[in-house]
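Spelled out from the first residue to the last, the chains are:
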Amino acid sequence: MAAGLMIGCSGQKTEETTVEEVVVEETPKEEWIKLFDGESLAGWHKYNDGAPGKSWKAENGELIFDPSGEDGGDIVTDEEYDNFHLKYEWKISQNGNSGLIFFIHESPEIQRTYQTGPEMQVLDNDGHPDAKIISHRAGDLYDLIVSSEETVKPAGGWNQAEIIADNGKLTLVLNGVNVVETTMWTPEWEAMIADSKFKDMEGWGTYKKGRIGLQDHGDEVHFRNILLKKL
């Protein structure tokens, strides 16, 4: 608000108040990015290779791994991500096993996606033998942290999952429930790794930026609505 002085016809000084418009430009929030367009495998490639294997298909808005095909392998995003909020839906076949792996460091010297990146488990808890191992059940931070509660749906049902990685703080959400909360790259994190199956994998869980991958574990699995927001 600005005040100015004007001299009227009577010669008296009168105060006139004028209001200046202030235009505030808000920085738009980061929009959700579609990692899967629902129609093709654009934006994905076979880990340490070229185009995704033919066992991976885009059909009816779903990204499907069909184990009957001969050309599979894990697929990963073309881009790398550091701080992000990832949302996706998955359903697993009866007795099936798969996973979503993140902070993957892709290198010819590293043969598998799981040799560098943590995994949120995808599993038929009622049918797959891995479910007998604590920390290997659906929603778990695989082989590290057990879900606070089990919210997974039976095989064939769609599950809504989220992974939030924000400057080391990691949250896993399954069907609306925060099932895992931890902080990466701390002494406690290093101690968990040292007590896990990853202890002899050099650099595992240390990368702060990497690709996101979907696992070929030999079983049919479906993904859809894969969205990411950069934080």
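Since the model is a prediction, treat every value here as computed from it, not as a measurement.

So, on to the environment of Lys169. With respect to the helices, strands and loops of the structure, Lys169 is situated in strand β12 (residues 169-174). On the basis of relative accessible area, Lys169 is assigned to the exposed category, the value being 53%. Discounting chain neighbours no more than four positions away, the residues touching Lys169 are Ile164, Thr182 and Thr183.

Across a regular strand the side chains alternate sides, sitting on one face of the sheet and then on the other. The buried fraction of strand β9 (residues 97-104) amounts to eight of the eight residues, a majority that puts the element mostly inside the structure. Summarising the sheet, β9 and strand β10 (residues 119-123) pair through five bridges and their orientation is antiparallel. Pairing of Leu100 across the sheet is with Met120, part of β10. For β9 and strand β14 (residues 211-214), the ladder comprises three bridges, and the chain directions are antiparallel. Following the sheet pairing, Ile101 is matched in β14 by Gly213.

Take the side chain of His128 next. Mapped onto the elements, His128 comes out in the loop between β10 and β11 (159-166). With a relative accessible area of 15%, His128 lands in the buried category. Separated by 2.9 Å, the side chain of His128 and the backbone nitrogen of Asp130 make a polar contact. The contact partners of His128, leaving out residues within four places of it in the chain, are Asn95, Gly96, Asn97, Leu123 and Asp219.

Glancing now at the confidence of the model for the protein chain. Interpretation of this model should avoid reading the predicted coordinates in detail wherever pLDDT is low. Per-residue pLDDT for the protein chain averages 90, and the proportion of residues at 70 or more is 87%. Of the regions scoring below 50 in pLDDT, residues 1-27 engages in 19 contacts with residues more than four places distant in sequence or in other chains.

Spatially, the five strands line up as an open sheet ordered β4-β7-β14-β9-β10, and their pairing is antiparallel. In this open sheet, the two strands that pair with only one neighbour each are β4 (44-46) and β10. The mean inter-strand angle of the sheet, taken between neighbouring strand axes irrespective of direction, is 20°.

Another point: the nonpolar core. Generally speaking, nonpolar side chains in soluble globular proteins are found buried as a group. The biggest cluster of nonpolar side chains holds 45 residues, and the ones touching the most others in it are Leu86, Tyr88, Ile163 and Ile226. Top element by residues in this core is strand β8 (residues 84-92). It accounts for five residues. Excluding residues that lie within four positions of it along the chain, Leu86 makes contacts with Leu35, Leu100, Ala161, Glu162, Ile163, Ile212, Ile226, Leu227 and Leu228.

Attention now moves to the layout of surface pockets. One number sums up the size of the largest pocket: a volume of about 200 Å³. Every residue along the wall of the largest pocket is listed here: Lys46, Tyr47, Asn48, Gly73, Asp74, Gln111, Arg112, Thr113, Tyr114, Gln215 and Asp216.

A positive phi angle, near 65°, is found at Asn95, a position not held by glycine. Counting through the fold element by element, Asn95 comes out in the loop between β8 and β9. By relative accessible area, which is 39% here, Asn95 ends up partly exposed. One non-glycine residue, Asn175, lies in the positive phi region at around 55°. Position of Asn175 relative to the elements: it lies in the loop between β12 and β13 (177-183).

Here strand β6 (residues 62-65) shows two buried faces, one formed by Glu62 and Ile64 and the other by Leu63 and Phe65. Two elements, strand β5 (residues 56-59) and β6, share four bridges in a ladder whose sense is antiparallel. Bridge pairing links Ala58 to Leu63 in β6. Once β5 ends, the chain turns through two residues before running back antiparallel as β6, passing Asn60 with a positive phi of about 50°. Alignment of β6 against strand β15 (residues 221-230), held across three bridges, turns out to be antiparallel. The partner of Phe65 across the bridge, within β15, is Val221.

The rules behind each value
- Residues numbered from 1 in each chain as written.
- Predicted model: local features only at pLDDT ≥ 70, side-chain atom pairs only at ≥ 80, totals over all residues.
- Heavy atoms only, no water.
- Helix = DSSP H or I, 4+ residues; strand = E, 2+ residues; numbered from the N terminus.
- Buried < 20%, exposed > 50% of the residue type's maximum accessible area, 1.4 Å probe, protein only.
- Contact = heavy atoms within 4.5 Å.
- Pairing = 2+ DSSP bridges.
- Polar contact = N/O pair within 3.5 Å; in protein donor to acceptor, adjacent residues only side chain to side chain.
- pLDDT = per-residue confidence, 0-100.
- Axes fitted to C-alpha atoms, helices over the stretch in contact; angles between N-to-C directions.
- Core = buried A, V, L, I, M, F, W, Y, C linked by side-chain atoms within 4.5 Å.
- 1 Å grid on protein atoms, 1.4 Å probe; cavity = no way out; pocket = protein on both sides within 12 Å on 5 of 7 lines; lining within 4 Å.
- Points joined across faces, edges and corners; volume = space filled by probe spheres on them.

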